[in-house]
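These are the residues of each chain, in order.
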Amino acid sequence: MTGVCGCCGALRPRYKRLVDNIFPEDPEDGLVKANMEKLTFYALSAPEKLDRIGAYLSERLSRDVARHRYGYVCIAMEALDQLLMACHCQSINLFVESFLKMVRKLLEADKPNLQILGTNSFVKFANIEEDTPSYHRSYDFFVSRFSEMCHSSYEDPDIRIKIRMAGIKGLQGVVRKTVNDELQANIWDPQHMDKIVPSLLFNLQQGEGTERYSRSPSPLQATEKEKESPAELTERCFRELLGRAAYGNIKNAIKPVLMHLDNHSLWEGKTFAVRCFKIIMYSIQSQHSHLVIQQLLGHLDANSKNSATVRAGIVEVLSEAAVIAASGSVGPTVLEVFNTLLRQLRLSVDYELTGSYDSCVNIGSKIIKEHEERQLQEAVIKTIGSFANTLPTYQRSEVMLFIMGKIPVPGVHPSLGSANSGFEGSRMIQVMLLKSLLQVTTGFQTTNMLTALPSSFLDPLLSFTLMEDAEIRLLVLEILVSLIDRHDNCPKFSTISIISDISVLKLKVDKCSRQDNLFMKKHSQQLYRHIYLACKEENSGRPHFETLYTLLALISMELANEEVVVDLIRLALAMQDLALNNEDSLPVYNRCAVHALSAAYLNLICQLTTVPAFCQHVHEVIEMRQKETPYLLPEDVFVEKPRIPKLLDKLEGEVLFLQSKITEVLGGSGYNTDRLATPYIPQLTDEDRLSKRKSIGETISLQVEVESRNSPEKEERTPAEEITFETLKKAIVDSVGMEEQERERRRQVVEKFQKAPFEEIAAHCGARATLLQSKLNQIFEITIRPPPSPSGTISAGYGQTQTRSVPVYEMKFPDLCVY
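Described in the following lines is the structure provided in the data block. Predicted model, so just to flag it, every value in this text is computed and none were measured. Sequence positions are assigned chain by chain, starting from 1 and proceeding in written order. pLDDT decides what is reported in this predicted model: residues at 70 or higher carry local features, side-chain atom pairs at 80 or more are listed and counted, and totals for whole chains, interfaces and linings draw on all residues regardless. Hydrogens and waters are ignored; side-chain quantities use all the structure's heavy atoms.

So, the overall build of the chain
Then, number 1: Helix and strand counts for the chain come out as 33 helices and four strands.
Then, number 2: Residues counted as buried form 47% of the 819 residues belonging to the chain.
Then, number 3: Residue contacts follow a heavy-atom distance rule, with two residues in contact if any of their heavy atoms lie within 4.5 Å. When contacts within the chain are restricted to residue pairs at least 6 apart in sequence, those whose partners lie at least 24 apart make up 73%.
Then, number 4: Summed over its atoms, the accessible surface of the chain is roughly 41800 Å², and 53% of this surface lies on carbon and sulfur atoms. Numbered from the N terminus, helices here are DSSP runs of H or I no shorter than four residues, and strands are runs of E no shorter than two. For each residue, the accessible area found with a 1.4 Å probe, counting protein chains only, is set against the maximum for its type, and the residue is called buried under 20%, exposed over 50%, and partly exposed in between. Values of accessible area rely on a 1.4 Å probe in the Shrake-Rupley scheme; residue burial ignores everything except the protein chains shown.

Section: the side chain of Thr-383
Then, number 1: Mapped onto the elements of the fold, Thr-383 is located in helix 18 (residues 370–389).
Then, number 2: Here Thr-383 falls in the buried class, since its relative accessible area comes to 0%.
Then, number 3: For the purposes of these results, a polar contact is taken to be a pair of N or O atoms within 3.5 Å, where, inside protein, one atom must be able to donate a hydrogen and its partner to accept one; residues adjacent in sequence count only when each atom of the pair is a side-chain atom. At a separation of 3.1 Å, a polar atom in the side chain of Thr-383 contacts the main-chain carbonyl oxygen of Val-315.
Then, number 4: Residues contacting Thr-383, with those up to four places away along its chain left out, are Val-315, Leu-318, Ser-319 and Leu-341.

What about the environment of Phe-277?
Then, number 1: The residue Phe-277 is located in helix 14 (residues 271–283) in this model.
Then, number 2: The buried category is assigned to Phe-277, whose relative accessible area is 2%.
Then, number 3: Between the C-alpha atoms of Phe-277 and Leu-258, which are 19 residues apart in sequence, the distance is 10.0 Å.
Then, number 4: Every residue in contact with Phe-277, bar those within four places of it in the chain, is listed here: Ile-254, Val-257, Leu-258, Leu-261, Trp-267, Val-292, Leu-296 and Val-317.

A short note on the packing of aromatic side chains
Then, number 1: Here a Phe, Tyr or Trp ring, Trp counted by its six-membered ring, pairs with any other such ring whose centre lies within 6.5 Å, and the pair is stacked when the planes are under 30 degrees apart, edge-to-face when over 60, and tilted otherwise. Summed over all chains, the structure comprises 15 aromatic pairs.
Then, number 2: Considering the side-chain rings of Phe-99 and Phe-125, the 5.5 Å spacing of their centres and the 50 degrees angle between planes classify their relative orientation as tilted. Residue Phe-99 is found in helix 6 (residues 92–108), and its partner Phe-125 is found in helix 7 (residues 112–126); the two are separated by 26 residues along the sequence. Like Phe-99, the residue Phe-125 is buried in the burial classification.
Then, number 3: Relative to Phe-142, the ring of Tyr-139 has its centre 6.2 Å away and its plane inclined at 50 degrees; by these criteria the two rings are tilted.
Then, number 4: A relative accessible area of 3% places Phe-142 in the buried class.

Description of the packing of helix 13 (residues 250–263) against helix 15 (residues 289–302)
Then, number 1: The axes are straight lines fitted to the C-alpha atoms, using for helices just the contacting stretch, and the angles between their N-to-C directions are given from 0 to 180°. Taken N-terminus to C-terminus, the directions of helix 13 and helix 15 make an angle of 40 degrees; their axes are 10 Å apart at the nearest point. Put simply, helix 13 runs oblique to helix 15. Every pair of crossing elements has a handedness; the one defined by helix 13 and helix 15 is right-handed. In this structure, helix 13 contributes Ile-250, Lys-251, Ile-254, Lys-255, Leu-258 and Asp-262 to the contact, and helix 15 contributes Leu-291, Val-292, Gln-295, Leu-296 and His-299. Here the word oblique covers every angle except those under 35 degrees (roughly parallel), over 145 (roughly antiparallel) and from 65 to 115 (roughly perpendicular). Left-handed describes a crossing whose near helix is turned anticlockwise from the far helix through less than a right angle; right-handed describes the clockwise counterpart.

Brief notes about the pattern of salt bridges
Then, number 1: We count a salt bridge whenever a side-chain nitrogen from Lys or Arg sits within 4 Å of a carboxyl oxygen from Asp or Glu. With the rule as written, the count across this model stands at 32 salt bridges.
Then, number 2: A salt bridge links Glu-59 to Arg-63; its shortest N-O distance comes to 4.0 Å. One end of the pair, Glu-59, and the other, Arg-63, are both in helix 4 (residues 50–66), four residues apart, so they sit about a helical turn from each other.
Then, number 3: Here Glu-59 falls in the partly exposed class, since its relative accessible area comes to 46%.
Then, number 4: Classification of Arg-63 as partly exposed rests on a relative accessible area of 29%.
Then, number 5: Here Arg-244 and Glu-240 are joined by a salt bridge, their closest N and O atoms 3.2 Å apart.

A few points about the nonpolar core
Then, number 1: Nine residue types can take part in a nonpolar core, namely buried Ala, Val, Leu, Ile, Met, Phe, Trp, Tyr and Cys, and a core is a set of them joined through side-chain atoms within 4.5 Å. If you look at the biggest cluster of nonpolar residues, it comprises 227 residues, and the most contacted ones within it are Phe-277, Leu-461 and Phe-614.
Then, number 2: Looking at which element gives the most residues to this core, the answer is helix 27 (residues 588–609), with 14 residues.
Then, number 3: Domain delimitation in this document rests on an assignment produced automatically or drawn from a domain database. Domain assignment of the residues forming this core places at least three in each of domain 1 (10–132) and domain 2 (498–687).

Description of the environment of Leu-586
Then, number 1: Along the chain, Leu-586 turns up in the loop between helix 26 (562–581) and helix 27.
Then, number 2: Here Leu-586 falls in the buried class, since its relative accessible area comes to 6%.
Then, number 3: In this structure the C-alpha to C-alpha distance between Leu-586 and Cys-535, which are 51 residues apart in sequence, comes to 9.6 Å.
Then, number 4: For Leu-586, the contacting residues outside a window of four places in its chain are Cys-535, Lys-536, Glu-537, Glu-538 and Arg-591.

A look at the packing of helix 14 against helix 16 (residues 308–325)
Then, number 1: Close contact between helix 14 and helix 16 brings their axes to 9 Å; oriented N to C, the two are set at 25 degrees. The angle between helix 14 and helix 16 places the two elements in the roughly parallel class. The element helix 14 and its partner helix 16 pack so that their crossing is right-handed. The residues of helix 16 that touch helix 14, namely those facing Ala-273, Val-274, Phe-277, Lys-278, Met-281 and Tyr-282, are Glu-316, Val-317, Glu-320, Ala-321, Ile-324 and Ala-325.
Then, number 2: By the convention adopted, Pro, Cys, Tyr, Trp, Phe, Met, Ile, Leu, Val and Ala count as nonpolar, Lys, Arg, Asp and Glu as charged, and the other residues, Gly among them, as polar. Of the residues assigned to the contact of helix 14 with helix 16, the class counts are nine nonpolar, no polar and three charged.

What to know about helix 25 (residues 542–558)
Then, number 1: For helix 25, which comprises 17 residues, the first-to-last C-alpha distance of 24 Å matches the rise-based estimate of 24 Å (1.5 Å per residue) to within 8%.
Then, number 2: Taken across its 17 residues, helix 25 has 15 buried, putting it largely inside the fold. Expected helix span is computed as 1.5 Å times (number of residues minus one).

Keep in mind these values describe shape, not function.
Here it is in structure tokens:
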């Protein structure tokens, strides 16, 4: 019998004998290394036998698993690993099939140790670069099984952690094996990503309380203990997955993240959602950043009718992502980003005012919480600022124009805002959009303000300083301050005070550039006018006057040449006269505030001009006020409890700044005395139709003054025409009659040309030609013999004038006629 067995054993194929020899009698002795070397040498010498070696090892492993001989199972897997590492030839594909079949067998087992053993072998296999691709290999089972292991709920916590970590490593191995192989099933397909990404996020979330908060672009060197953490391992795996994502795969990788955060209500906590997207933004290639931003924007739109806390969470994530995206690209559709955010802002205002997510309140509709909507609005405004800070100057200018175009103006854009929210909705949207604009302008610095701030932006912005709403006016003033402050001088003028020596402020003053001079030449009169009119508002408070002071100070330092300085001094004196004459019946506080504002500014600008006599006059007036009328200085007015009298007596004498005195002292230093001696009078234009406007109806009762643009400050005004309801009614009734008369006249003309004889029509046209020729002759005669010119009018006395003839070359034409 022994001979027969020996004969049968000798007849067995050599590869089977070599495989059998690697297994010891006692599995605890481990792999027989000498015999393993023989098997490896045989496999390298005869690579065509690899598939048979793999099949036989697989057969033995299956039998050992069924018989619970786990020692031999470990030896078989170790042998397979060594063969895989050693054999890189074209025949390895068939061997891999046997190998994966054995790994699958281990992963299907109930024993955690076998699952971990199979995973470890798969990870080693994943790190092998194969010489030839495989056309038919499938990893669907491994994706599903490793994902399931990531969610393990094994009773023993230590074993549970090991199983989860094995699952994470397995997914990492699948990604490494398939991501660069075009012949493999695409791992970026939704069917795979929808399993891989949630599994990673689940483990990332489990360790959030104990894990460090990831802020760096890549994990730092971790200690051994941290490397054993599932969350730390997950983060590395997640980063690797995202880092390998190409342009077309970003969407499939991000969509499961959004769905996971939705399904588990993780937007509301914000912390985990922000952490996830920080990892994403730091891991993907920088040029793909805008794709993530676009998906977040789309998700925000999709959740438009979700709770405010969810929308606020998405917006918060957007804000954090925008900061990181600044190093790469926010994308080609910059305005789309702001359009989405502004749309969300408007929706939030509508929700807050109507109390419903739908146009009509339905039974069972969600309850709107006002404070949550307010928090969302603040988050959106903050996010708009975050995005704006990532943009270059030219794009930021476009965004400013874009937002300005969205601000509803009653009577001009009455359709903006929800029909249910009414006027209050328009007002709230105005406030929110101006706050957004303020965020965009913060830190805005440009060398050429003329191109960065065109009339199409400044004109509508300045018009809002005439609105009755105090909050809107303050926001506009803050925006102007933010735009003009290019050297961070603004904090030094946060409070109004009389500064005896401005050198302590360490102001940064640059010489006014040519572009700045052009900007002021075009827009200075608008700025002065709106500053002056802002002082006339009854509901202006301490913040308004402090911001006006800051604005005046910044204009003096950023945009001032000699002509601007003269105009600013005239403006300050005009503000003093405004408070002194009190034609608008301002409250006592406002009058004292305007006096204090004028004093503080003149004290500042006199030191900037460095004219000793001017400084002396200003300091003398301030000292006199400190003794006799301290309530005309900022130290008594701009405090928590203003120390002002109940009534303001007529002021005169040495407590007032004198235009004649200032003209005299500045004229001696080379300043334009004619301009200094002329009191500043603001030019009133059609823009005043916005003044004190609350609604469209109130735009009817206005006073419109049309003045000549030639020397508006010197010429006497014509009385304004008052337009009332009665005059409009009469105009409408009269216009109906006029239209009927016009129609009748046209009918007669048409009939005449249709029926009248040719001679009559020719005579009519000839008469009109003769009339035209006579008018032309009169014009030519005037050109040859100039009549008395308006420029030649001389005042002979009160109410009397005499004229003299002036040649054409001496005539003074209005500015509108001169090119």
